[in-house]
Amino acid sequence: MSIVEKAVNARSGGGGVRALYSGNARIVVARGLLATKSTNWVVVFSGFFEPVFYLLAMGWGLGQFIGDVTLPSGTVVSYAAFIAPGLLAVSAMNGAVYDSTWNVFFKMHFGKLYDSMLSTSMGPLDVALGEILYALLRGGVYAIGFLTVMQVLGLNLSWTAALAIPAVLLVAFGFASLGMAITSYMKTFQQMDWINIVMLPMFLFSATFYPLSVYSEPIQWLIKALPLWHAVELVRSLTTGDLTGAIAIHVAYFAAMIALGLSFTTVRLRALFLD
Amino acid sequence: MSAPVIAAQGLTKTFGDLTAVAGIDFEVPPGESFGLLGPNGAGKSTTMRMVGAVSSRTSGSLTVLGLDPETHGPEIRSQLGVVPQEDNLDTELRVRDNLIVYGRYFGLPRRLCATRADELLTFAQLEDKARAKVDDLSGGMKRRLTIARALINEPRILMLDEPTTGLDPQARHVLWDRLFRLKERGTTLVLTTHYMDEAEQLCDRLVVVDHGRIMAEGSPASLIREYSTREVVELRFGSDHNASAAAQLEGAAQRVEVLPDRVLLYTDDGEGLLERVAHLGLHPTTSLVRRSSLEDVFLRLTGRSLIE
């Protein structure tokens, strides 16, 4: 939170965290649920099916031609069991990113929602945290649904698959935080399209559909720098039971992403609506 | 007299090279209905945002309810009701939920918010719209809902930025009636407007603002007494003849103003002046005698009319 604190001290010379946070983020989440219930639950529902279709088409269909995949540790799994955790991570990412980018963009520029929220005793951190938690909730719902499908299809190979739920929430939290931070800098629809330009290749190339070993070393490092790779590896090691020490690195990566995204979002909301 | 709820000294706000508010001083005692009157771009909204603790000042001092907005933003905002210039109702929520959720942003318990929401729907004459979607409301209803929403935390000060701009005359009168009731209950009102009739109806005291500065201060009646005459004669000679007619009328009235479409003569006896105009051999196409209004005060102070 050092960025936040610095911003507070530089600007107001007092007031501290109290000026940023009133402990009321859950009302922002409650508001999001109420709004979803009354307006756009169909959109929410549709987001669940996308990864399921991918799983059926590629895991089951394409998988018959590919056969098995050998994990770095030497464990051999079916192709469907290999890509399913990747798709699970992707569904968490998509849910979180959709809510924290497009939805936030609309609320920011057209709905004027944050103007009204910040004219109450709430602070920018309440709004940021509330919106991000709401986005995370959606990613979490998708993940549990998808994990259930995996269980039915016999693609969860270990009891540790249950831990994929908190893991996926962590992933969603990370993507939602960063997504909202980036969105707060966006001014036009054209800029919003850049998000898609980043998301699609990340989805295709982050060892989602094949092991990272197909790439040359420099490209491997590039992929390893991207968040989705960490998400895919984290979830895959849990659903296949192929546990390694790398899990700690993946978790740390997302913790850092959350801290960074949340700090930037708070500072930006303050600059945009309380200046 | 009790301590002012708002006190500003040398309050200034600049955006880059633009000075929106150029060092203004004013105080608002509790229970007063205080107005900022001025044309668009005079710095009214910027002043309101600073008082509302959502915009930081560049220099000068400001206290709201005895606190500095710079350091106690959330505490101040928790005791304010804000009606912004553009409605920012939550279009994804229904009418009653708009009130309840907004109340909960202040950390108020759900049950209390629900009780108050029902009272406020009655106050805003929107009881039968409780389940309606915000987008289905008329402009006047949206405005009343925004005012009801601003009252959910029982604010000590209600801030209204251009409360009736864009509403039809009937909707304005309904709104004024509601605001007048609040005033009678002792709520401190701070409002901006560029409508003189609104300022005259609602404000105990007002400041006339132009280019970020205060030009005059007082009650509507005292401003009119000080800066204008009792009556005004409006004469129209046709746009090509107004100036030449005005030259002939110089000296006939206490003051003569030439506008593009009419000549204004300031006097304490409108009918008498109208007769003298006829004696001078001038025949305006239309003539009108009326009471002086804040519009005339503004014209006198700035040389411009309030609504272009």
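In this text the structure is predicted, and so the values were computed from the model without any measurement.

1. Re the overall build of chain A
Piece 1. Counting its secondary structure elements, chain A contains eleven helices and two strands.
Piece 2. Ordering the α and β elements of chain A from the N terminus gives α-α-α-β-β-α-α-α-α-α-α-α-α.
Piece 3. The C-alpha radius of gyration of chain A comes to 20 Å, within 12% of the 19 Å expected for a compact globule of 275 residues.
Piece 4. Principal-axis analysis of the C-alpha atoms places the extent of chain A at approximately 60 × 40 × 35 Å.
Piece 5. Across the 275 residues of chain A, 49% fall into the buried class.
Piece 6. For chain A, the proportion of contacts with a sequence separation of at least 24, taken over those separated by at least 6, is 81%.

2. Brief notes about the UniProt feature "transmembrane region" (unreviewed entry) in chain A
Piece 1. Under the local residue numbering, the UniProt record ascribes the feature "transmembrane region" (unreviewed entry) to residues 41-62, 82-106, 127-153, 159-182, 194-212 and 243-264 of chain A.
Piece 2. The span residues 194-212 of chain A is 63% helix and 0% strand, and its two end C-alpha atoms sit 25 Å from each other.

3. What to know about the UniProt feature "domain: ABC transporter" (unreviewed entry) in chain B
Piece 1. Residues annotated by UniProt as "domain: ABC transporter" (unreviewed entry) correspond here to residues 6-236 of chain B.
Piece 2. In the segment residues 6-236 of chain B, helix accounts for 35% and strand for 28%; the C-alpha atoms at its two ends are 44 Å apart.

4. Some thoughts on helix α8 (residues 189-205) of chain A
All names here are of chain A.
Piece 1. When the terminal C-alpha atoms of α8 are compared, their 26 Å separation across 17 residues agrees well with the 24 Å that a helix rising 1.5 Å per residue should span.
Piece 2. In terms of burial, α8 is largely open, as just zero of its 17 residues are buried.
Piece 3. Ala207 sits one or two residues past α8 and shows a positive phi near 60°.

5. Quick look at unusual backbone geometry
Residues and elements named next belong to chain B.
Piece 1. One non-glycine residue, Ala53, adopts positive backbone phi at about 60°.
Piece 2. Positioned with a positive phi, Glu154 is a non-glycine residue whose angle comes to about 45°.
Piece 3. With respect to the secondary-structure elements, Glu154 resides in the loop between α5 (139-150) and β6 (157-161).
Piece 4. Judged by the 12 C-beta atoms lying within 10 Å of it, Glu154 is exposed.

6. Side note on the interface of chain B and chain A
Buried accessible area, meaning the area lost when the parts come together, often serves as the stated size of an interface.
Piece 1. Each partner contributes residues to the interface: chain B has 26 residues there, and chain A has 28 residues.
Piece 2. Among the elements of the structure, α2 (73-77) and α3 (95-105) of chain B are those that each provide at least two residues to the side of chain B that touches chain A.
Piece 3. For the side of chain B that touches chain A, the leading source of residues is α3 of chain B, giving five residues.

7. Here's the deal with the packing of helix α7 (residues 164-183) of chain A against helix α10 (residues 227-240) of chain A
Two packed helices can be described by the angle between their axes and the distance between those axes.
Residue and element names in this part refer to chain A.
Piece 1. Closest axis-to-axis distance for the α7/α10 pair is 9 Å, and the angle between their directions is 175°. As the angle between them shows, α7 and α10 are arranged roughly antiparallel. Contacts between α7 and α10 involve Ala164, Ala167, Val168, Val171, Gly174 and Phe175 from the first element and Pro227, Ala231, Leu234, Val235, Leu238 and Thr239 from the second.
Piece 2. For the contact of α7 with α10, a count of residues per class yields ten nonpolar, two polar and no charged.

8. Quick word on the sheet that holds strand β2 (residues 18-28) of chain B
All names here are of chain B.
Piece 1. Strand order in the open sheet made by the three strands is β2-β1-β4, with antiparallel pairing throughout. With one partner strand each, in any of the chains shown, β2 and β4 (59-64) form the two edges of the open sheet. Here the strands of the sheet are splayed against their neighbours by 25° on average, with no regard to which way each runs.
Piece 2. Pairing of strand β1 (residues 6-15) with β2 involves eight bridges; the strand directions are antiparallel. Bridged to Ala8 within β2 is Phe26.

9. Points about the domain arrangement of chain B
Piece 1. Under the domain assignment, chain B is made up of domain 1 (6-218) and domain 2 (229-291).
Piece 2. Domain 1 of chain B and domain 2 of chain B are separated by 39 Å when their C-alpha centres are compared.

10. Quick word on the sheet that holds strand β11 (residues 255-258) of chain B
Residue and element names in this part refer to chain B.
Piece 1. Ordered by their spatial adjacency, four strands build an open sheet running β11-β12-β10-β13, and the pairing between neighbours is antiparallel. Only two strands of the sheet have a single neighbouring strand rather than two, namely β11 and β13 (286-291). Going across the sheet, the axis of each strand differs from the next one's by a mean of 20°, ignoring polarity.
Piece 2. Running over the sheet, helix α10 (residues 270-279) touches β10 (231-236), β12 (263-267) and β13 and is turned about 35° from β10.

11. With respect to the environment of Thr188 of chain A
Residue and element names in this part refer to chain A.
Piece 1. With respect to the secondary-structure elements, Thr188 resides in the loop between α7 and α8.
Piece 2. Take Thr188: there are 9 C-beta atoms within 10 Å of it, and that puts it in the exposed class.
Piece 3. Separated by 79 residues in sequence, Thr188 and His109 have C-alpha atoms that sit 9.4 Å apart.

12. Let's talk about the packing of helix α8 (residues 220-227) of chain B against helix α11 (residues 294-302) of chain B
All names here are of chain B.
Piece 1. It is at 9 Å that the axes of α8 and α11 come closest, and there the two elements cross at 50°. Compared by their axis directions, α8 and α11 come out oblique. Crossing angle aside, the handedness with which α8 passes α11 is left-handed. Contact with α8, carried on its side by Pro220, Leu223, Ile224 and Tyr227, involves Leu294, Val297, Arg300 and Leu301 of α11 and no other residues of that element.
Piece 2. The residue inventory of the contact of α8 with α11, partitioned by class, reads seven nonpolar, no polar and one charged.

13. Quick notes on the nonpolar core
Piece 1. Leu88, Ala89, Val168 and Val171 of chain A are the most contacted members of the largest nonpolar core, which totals 153 residues.
Piece 2. Looking at which element gives the most residues to this core, the answer is helix α4 (residues 79-111) of chain A, with 18 residues.
Piece 3. Setting aside chain neighbours within four positions, we find Ala89 of chain A in contact with Val168, Val171, Leu228, Ala231, Val232 and Val235 of chain A.
Piece 4. Ranked by size, the runner-up nonpolar core spans 15 residues in total, among them Val232, Ala245, Leu264 and Leu265 of chain B.

14. What to know about the confidence of the model for chain B
A low pLDDT means the predicted coordinates there should not be read in detail.
Piece 1. Confidence in the prediction for chain B averages 91 pLDDT; 98% of positions are at 70 or higher.
Piece 2. Predicted as a complex, the structure gets a pTM of 0.87 and an ipTM equal to 0.84.

Parameters at a glance
- Every chain is numbered on its own, with residues counted from 1 as its sequence reads.
- The naming scheme follows written order: chains are lettered A onward, ligands numbered 1 onward.
- For a predicted model such as this one, the threshold for reporting local features is a pLDDT of at least 70, and the threshold for listing and counting side-chain atom pairs is 80 or more; totals across whole chains, interfaces and linings nevertheless cover every residue.
- In this text, helices come from DSSP runs of H or I with a minimum length of four residues, and strands from runs of E with a minimum of two, each type numbered from the N-terminal end.
- For the radius of gyration, the atoms used are the C-alpha atoms, and the globule rule reads 2.2 Å times the number of residues raised to 0.38.
- Our exposure labels follow a C-beta count within 10 Å of each residue's own C-beta, placed from the backbone: buried means 20 or more other C-beta atoms, exposed means 12 or fewer, and partly exposed covers the counts in between.
- We call two residues in contact if the C-beta atoms placed from their backbones are at most 7 Å apart.
- UniProt positions are given in the numbering used here, feature names are shortened, and annotations may be inferred rather than shown by experiment.
- In this analysis, the expected span of each helix is defined as 1.5 Å times one less than the number of residues it contains.
- The angle between two axes is taken between their N-to-C directions and runs from 0 to 180 degrees, where each axis is a line fitted to C-alpha atoms and a helix contributes only its stretch in contact.
- Working definition: roughly parallel below 35 degrees, roughly antiparallel above 145 degrees, roughly perpendicular at 65 to 115 degrees, and oblique for all remaining angles.
- Here the nonpolar group is Ala, Val, Leu, Ile, Met, Phe, Trp, Tyr, Cys and Pro; Asp, Glu, Lys and Arg are the charged ones; every other residue, Gly included, is treated as polar.
- Strand pairing follows a simple DSSP-based rule, namely that at least 2 bridges must link the two strands.
- Throughout the structure description, domain borders are defined by an automatic or database domain assignment.
- Crossings are classed by handedness, with left-handed meaning an anticlockwise turn of the near helix from the far one by less than a right angle and right-handed meaning a clockwise turn.
- A set of buried Ala, Val, Leu, Ile, Met, Phe, Trp, Tyr and Cys residues, joined through C-beta atoms within 7 Å, is what we mean by a nonpolar core.
- Summary of the metric used: pLDDT quantifies the predictor's per-residue confidence within the range 0 to 100.

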